[in-house]
Amino acid sequence: GWPVTRTREVLARLDVEEVELDDGTGFVLADDLDSPARRSAAVLLPGLDPSVMGWKERDWFLGHHGPALFDRNGNAGPTVWVDGRIVGGWAQSQSGRIVTRLLEEVDSETADAIRAEASRLEGWLDGFLFKPRFRSPLEKELAASD
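Caption draft 1: Highlighting the side chain of Ser 136. Turning to its location among the elements, Ser 136 is positioned in the loop between helix H5 (108–125) and helix H6 (137–143). Here the side chain of Ser 136 touches Glu 139 through a polar contact of 3.2 Å, landing on its backbone nitrogen.

Okay, here's the thing in C-alpha cells:
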C-alpha cells in the first residue's frame, strides 16, 4: 500500500539484493542470501488473519484454493501455511480436536510439522471450543467431522 517513492526511499536505506521471482523482481535483505537452509515452517492462522486478508492480489500465496478457504463475502477462513504460501485449511471439530486438510501435496517432514502445529494449538486451547463468525466452506466441513 506504500507509494512507489516511499518504497524506493526505504529500499535505498537497506542493504538489499534484487532477486528474480516467478512473476517479476523482488527484494531480499543481502545477508539473507547466505542464510543456511532451514526446515519448512508450518503455521495455522485463524480466519480473517491479516496475512490472508491484507492483499488484493493473493494468487502468489493462495494458488487456486480460494473457493474452499473464503466465504461468499470474501472473508478468509482458517488456513495452513508452509513457507509463505497456503497449502490447506483447518478447523476445530465439535470435540475440540484441530483438524487439517491439505489442498496440495507436501513432503513428509512438512506434513509432520503441520501435525505438530495442530497438536500444539489443540493443547493451547485446552478444551476451549470456539465457532468462527465467518465460516469458509472447508472450515464448515472440517468442523463437522469427528
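That was the structure; now back to the text.
Caption draft 2: Structural detail: a negative patch on the surface. On the surface, a cluster of negative charge is made up of Asp 15, Glu 17, Glu 18, Glu 20, Asp 31, Asp 32 and Asp 34. Mapping Glu 20 onto the fold places it in strand S1 (residues 16–21). On the accessibility criterion, Glu 20 (64% relative accessible area) is exposed.

Caption draft 3: Expanded view of the pattern of salt bridges. For the structure on display, the rule yields 6 salt bridges. The salt bridge involving Glu 141 is made with Arg 101; its shortest N-O contact spans 2.9 Å. Of this pair, Glu 141 sits in helix H6 while Arg 101 sits in strand S6 (residues 98–102); the two residues are 40 residues apart in sequence, bridging distant segments of the chain. Two residues, Glu 139 and Arg 135, come together in a salt bridge whose shortest N-O distance is 2.8 Å. For Glu 139, a relative accessible area of 2% gives the class buried. The partly exposed category is assigned to Arg 135, whose relative accessible area is 22%.

Caption draft 4: Local environment of the nonpolar core. Residues Val 52, Phe 61, Leu 62, Leu 69, Phe 70, Trp 81 and Ile 86 are the most contacted members of the largest nonpolar core, which totals 14 residues. When residues of this core are traced back to their parent elements, those giving at least two are helix H3 (59–62), strand S5 (85–92) and H6. When residues in this core are grouped by element, the largest group, 3 residues, is from H6. Ignoring any residue separated from it by four or fewer positions in sequence, one finds Leu 62 in contact with Leu 69, Phe 70 and Ile 86. Counting 11 residues, the second-largest nonpolar core is a separate cluster that includes Leu 44, Val 82, Trp 90 and Leu 125.

Caption draft 5: Structural detail: the packing of aromatic side chains. Applying the stated rule across the entire model yields 4 aromatic pairs. Seen from their ring centres, Trp 60 and Phe 61 are 5.0 Å apart, and the 90 degrees between their planes marks the pair as edge-to-face. Given a relative accessible area of 51%, Trp 60 falls into the exposed group. Seen in terms of ring centroids, Trp 90 and Phe 130 are 6.3 Å apart; in terms of plane orientation they differ by 75 degrees. Their pairing is edge-to-face. Placement of the pair is Trp 90 in strand S5 and Phe 130 in the loop between H5 and H6, with a sequence separation of 40 residues. Judged by its relative accessible area of 5%, Trp 90 falls in the buried class.

Cut-offs and rules
- Residues numbered from 1 in each chain as written.
- Predicted model: local features only at pLDDT ≥ 70, side-chain atom pairs only at ≥ 80, totals over all residues.
- Heavy atoms only, no water.
- Helix = DSSP H or I, 4+ residues; strand = E, 2+ residues; numbered from the N terminus.
- Polar contact = N/O pair within 3.5 Å; in protein donor to acceptor, adjacent residues only side chain to side chain.
- Patch = residues over 30% accessible without salt bridge, like charges linked within 9 Å, V, L, I, M, F, W, Y side chains within 5 Å.
- Areas by Shrake-Rupley, 256 points an atom, 1.4 Å probe, with all protein chains shown as cover.
- Salt bridge = Lys/Arg side-chain N within 4 Å of Asp/Glu carboxyl O.
- Lys, Arg positive; Asp, Glu negative; His and termini not counted.
- Charge placed at Lys NZ, Arg CZ, Asp CG, Glu CD.
- Buried < 20%, exposed > 50% of the residue type's maximum accessible area, 1.4 Å probe, protein only.
- Core = buried A, V, L, I, M, F, W, Y, C linked by side-chain atoms within 4.5 Å.
- Contact = heavy atoms within 4.5 Å.
- Phe/Tyr/Trp six-rings, centres within 6.5 Å; stacked < 30°, edge-to-face > 60°.

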